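One letter stands for each residue in the lines below.
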Amino acid sequence: PACPAMTNNGSSRPWLFLLTGFPGLEHVHPWIAVPISLMYFVAICGNAAILTIIRAERSLHKPMFLFLAMLAATDLCLVATTVPTVLPLFWFNVRALRFGACATQMFFIHSLSCVESGILLAMAFDRFVAISNPLRYPLIFTGSRIAKTGLLMLLRGVLFVLPTPLLLRLLRYCGANALSHSFCLHQDVMKLACSDRRVNVIYGLFAVLATFGIDSLLVLLSYVVIVKTVLSIACGEERLRALDTCVSHLCAVLLFYVPLIGLTVVHRFGEWASPLVHILMGFTYVLIPPMLNPVVYSIKITQIRQRIAKRLQS
């Protein structure tokens, strides 16, 4: 049944959004929930392990590992933000979500994604300085500057994303109320409005370009300089060693930006696409980076791998 609209002047009953699982496969949602739950479990355990090891081992209190701890904390919060709607939907078919809860979840998902993008940029700059100017590395990446960088990225995410739920509340919703995903995203909720949403579209585009767009461009420029610096190294073994320190970060960048770009393309130009494509891209965006980042860093960084092995043996 259609839900009551929430007009610009408010409503006695809040608008209800309906979350979407896998259309046509509702009868096997509990079975689909098993691998999704396992992915959440791996993401939570992996990022919690990274945080615990870095916090406990003083030898890992270095810039690269401190940024990694920030990345793990962000991924952990992102997973915790999406779990409350995804698992009840698949396990118990709980689809309805009030506007306030949906807006809150949307704010956290987008702001944490913005924070993660900023941390990946900081990690790219960390690798750039370590390879291009190693003598100044300890002077540039002090503990206070790393803490300020993390705080700055957090504030940036909050300030850029905070207007989006406020702007959505000004829209009028009538008719369709089914979302394309199992959680709330700005572009998904915005499409359900039946009033003029040009301000939301313009601000959303501005926020994306000012955060993800600039971040990705600066990461690309950092790697252009890194490659240029590495190619100037005479010894082939030294080249490989320098590039090897960037592999895990480069994997994290690809794990983050490829699903982000894919989800953006699907929402902007994929009206022709099957609902299944929207669902899969959404889960790829919120689940794959938090799940695989700890795996990538555990495999590539010897110190992390050794600490994990040591703790498993003890």
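The model shown is predicted, which means the values in this text are computed figures rather than measured ones.

The rules we used
Residues numbered from 1 in each chain as written. Predicted model: local features only at pLDDT ≥ 70, side-chain atom pairs only at ≥ 80, totals over all residues. Heavy atoms only, no water. Helix = DSSP H or I, 4+ residues; strand = E, 2+ residues; numbered from the N terminus. Buried < 20%, exposed > 50% of the residue type's maximum accessible area, 1.4 Å probe, protein only. UniProt positions renumbered as here; feature names shortened; annotations may be inferred. Polar contact = N/O pair within 3.5 Å; in protein donor to acceptor, adjacent residues only side chain to side chain. Contact = heavy atoms within 4.5 Å. Phe/Tyr/Trp six-rings, centres within 6.5 Å; stacked < 30°, edge-to-face > 60°. 1 Å grid on protein atoms, 1.4 Å probe; cavity = no way out; pocket = protein on both sides within 12 Å on 5 of 7 lines; lining within 4 Å. Points joined across faces, edges and corners; volume = space filled by probe spheres on them. Nonpolar A, V, L, I, M, F, W, Y, C, P; charged D, E, K, R; others polar. Core = buried A, V, L, I, M, F, W, Y, C linked by side-chain atoms within 4.5 Å. Axes fitted to C-alpha atoms, helices over the stretch in contact; angles between N-to-C directions. Parallel < 35°, antiparallel > 145°, perpendicular 65-115°, else oblique. Left-handed = near helix turned anticlockwise from the far one by under 90°. Salt bridge = Lys/Arg side-chain N within 4 Å of Asp/Glu carboxyl O. pLDDT = per-residue confidence, 0-100. Disulfide = S-S within 2.5 Å.

Bringing unusual backbone geometry into the picture now. Of note, the phi angle at Asn93 is positive, near 60°, even though the residue is not glycine. With respect to the element layout, Asn93 can be found in the loop between α2 (63-92) and β2 (96-98). Residue classification places Asn93 among the exposed residues on the basis of a relative accessible area of 51%.

UniProt marks residues 31-53, 65-87, 107-130, 151-171, 201-226, 247-270 and 276-297 with the feature "transmembrane region" (unreviewed entry), using the numbering shown here. From the first C-alpha to the last, residues 31-53 spans 34 Å; its make-up is 100% helix and 0% strand. For the annotated span residues 201-226, helix accounts for 100% and strand for 0% of the residues, and the straight-line distance between the end C-alpha atoms is 36 Å.

Here the focus is the side chain of Arg156. Relative to the assigned elements, Arg156 resides in helix α5 (residues 143-161). Within polar-contact distance, the side chain of Arg156 engages the side chain of Asp215 at 2.7 Å. Among residues more than four places away in sequence, those in contact with Arg156 are Cys114, Ser117, Gly118, Ala210, Thr211 and Asp215.

The next point concerns the packing of aromatic side chains. Per the stated rule, a full pass over the model turns up 16 aromatic pairs. Seen in terms of ring centroids, Phe256 and Tyr257 are 5.0 Å apart; in terms of plane orientation they differ by 85°. Their pairing is edge-to-face. There is no split in this pair, since Phe256 and Tyr257 are both buried. Connected via pairs of aromatic rings, a cluster forms that spans Phe67, Phe125, Phe128, Tyr137 and Phe141.

Another point: the layout of surface pockets. Reported here for the largest pocket is a volume of approximately 600 Å³. For the largest pocket, the lining is made up of 29 residues, of which Gly204, Val208, Phe212, Leu260 and Thr264 are closest to its centre. Mapped onto the lining of the largest pocket, the elements with two or more residues apiece are α3 (99-132), α5, α7 (186-190), α8 (198-231) and α9 (236-269). Top contributing element to the lining of the largest pocket by residue count: α8, with 11 residues. Split into classes, the residues belonging to the lining of the largest pocket amount to 17 nonpolar, 11 polar and 1 charged. When its volume is computed, the second largest pocket comes out at roughly 300 Å³. Residue lining of the second largest pocket: 14 residues in total, with Arg127, Ala130, Ile131, Tyr137 and Thr245 positioned closest to the centre. Elements with a contribution of two residues or more to the lining of the second largest pocket: α2, α3 and α9. The element contributing the most residues to the lining of the second largest pocket is α9, with 4 residues.

To continue, consider the nonpolar core. Looking at soluble globular proteins, one finds that nonpolar side chains tend to be buried together. By size, the foremost hydrophobic cluster in this structure holds 80 residues, and its most contacted members are Phe17, Ile36, Phe90, Tyr173 and Phe283. At the level of secondary structure, the elements contributing two or more residues to this core comprise α1 (29-56), α2, α3, α7, α8, α9 and α10 (275-300). Element by element, the count of residues in this core is highest for α3, at 16 residues. With residues up to four places along the chain from it excluded, the contact list for Phe17 reads Arg95, Ala96, Leu97, Phe99, Cys102, Tyr173, Asn177, Leu179, Val189 and Leu192.

The next thing to look at is the packing of α2 against α3. Axis separation between α2 and α3 bottoms out at 9 Å; the angle between their running directions is 165°. Compared by their axis directions, α2 and α3 come out roughly antiparallel. Here α2 runs over α3; the crossing is left-handed. Of the residues belonging to the contact of α2 with α3, the class tally is 16 nonpolar, 5 polar and 4 charged.

Scanning all chains against the criterion turns up 3 salt bridges. The salt bridge involving Asp126 is made with Arg127; its shortest N-O contact spans 2.8 Å.

Turning our eyes to something else, we now look at the confidence of the model for the protein. Of all residues in the protein, 93% have pLDDT values of 70 or greater, and the mean over the chain is 88. Across the protein, element-level confidence peaks in α5 with a mean pLDDT of 96 and bottoms out in helix α11 (residues 302-313) with 69. Low confidence marks residues 1-13, where pLDDT is under 50. Its contacts with residues over four positions away, or in another chain, come to 20 contacts.

Overall, the coordinates contain 2 disulfides when judged by the stated rule. Each sulfur of the disulfide joining Cys102 and Cys184 lies 2.0 Å from the other. With the S-S bond torsion at -120°, the cross-link from Cys102 to Cys184 turns out left-handed. Here Cys102, found in helix α3, pairs with Cys184, found in the loop between α6 (163-169) and α7; they are 82 residues apart in sequence, far enough to count as distant. A residue is classified by how much of its surface remains accessible, and Cys184, at 0% relative accessible area, is buried. Through a disulfide, Cys174 is tied to Cys194; the S-S separation comes to 2.0 Å. Residues Cys174 and Cys194 are joined through a disulfide that is right-handed, its torsion about the S-S bond being 130°. Here Cys174 is found in the loop between α6 and α7, whereas its partner Cys194 is found in the loop between α7 and α8, with 20 residues between them in sequence. Overall, Cys174 belongs to the partly exposed group, its relative accessible area being 33%. For Cys194, a relative accessible area of 32% translates into the label partly exposed. Described in terms of the sequence order of its bonded cysteines, the disulfide pattern of the protein is 1-3, 2-4. A disulfide-free cysteine, Cys114 has its sulfur positioned 15 Å from the sulfur of Cys77, the nearest such atom.

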